[in-house]
Amino acid sequence: MVLFLTLSKAQEAIAGNMRGRRLATGLTQQGLAKRSGVSLATLRKFEQKGIISLESFLKLAMVLDALEGVVKATELPAPAYSSIDEVLESERKKPSRKKGWRE
């Protein structure tokens, strides 16, 4: 698998998107920090460098009305079936284990 987006570019893009959401809602950094419970220093570091904990990121996303989109972005895509036979076959072959099997 070839990735054209590096982790650092993804961090910068996400931080920029969240900053754009903040500005679109008219919030200052201080206002967003207060509403979300994330420290102002953490918010500034996130907007400048893209570095933040998952919990703090989710708090910001909730205030900026992006939490549902974040959750949906991590969902497993539904399989595409072209016939009822494929649906039935996949249900028959479904593994019962709930643990990973690869390292």
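All of the points below concern the structure found in this document. (Residues numbered from 1 in each chain as written. Predicted model: local features only at pLDDT ≥ 70, side-chain atom pairs only at ≥ 80, totals over all residues. Heavy atoms only, no water.)

## A short note on the nonpolar core
Then, in step 1: Residues Met18, Leu32, Leu43, Phe46, Leu60 and Leu64 are the most contacted members of the largest nonpolar core, which totals 13 residues.
Then, in step 2: Sorting elements by how many residues they give to this core places helix H4 (residues 54–63) first, with 3 residues.
Then, in step 3: Each residue touching leucine 32, except ones within four places of it in the same chain, is listed here: Arg22, Leu27, Leu43, Leu60, Val63 and Leu64. (Core = buried A, V, L, I, M, F, W, Y, C linked by side-chain atoms within 4.5 Å. Buried < 20%, exposed > 50% of the residue type's maximum accessible area, 1.4 Å probe, protein only. Helix = DSSP H or I, 4+ residues; strand = E, 2+ residues; numbered from the N terminus. Contact = heavy atoms within 4.5 Å.)

## Observations concerning the pattern of salt bridges
Then, in step 1: Enumeration according to the criterion identifies 4 salt bridges in this entry.
Then, in step 2: Of the charged contacts, one joins lysine 59 and glutamate 55 as a salt bridge, the two residues approaching to 3.8 Å between their closest N and O atoms. Taken together, the residues span about one helical turn, with lysine 59 and glutamate 55 both in helix H4 at a distance of 4 residues.
Then, in step 3: Salt bridges linked by common partners bring Arg19, Arg22 and Glu47 together as one network. (Salt bridge = Lys/Arg side-chain N within 4 Å of Asp/Glu carboxyl O.)

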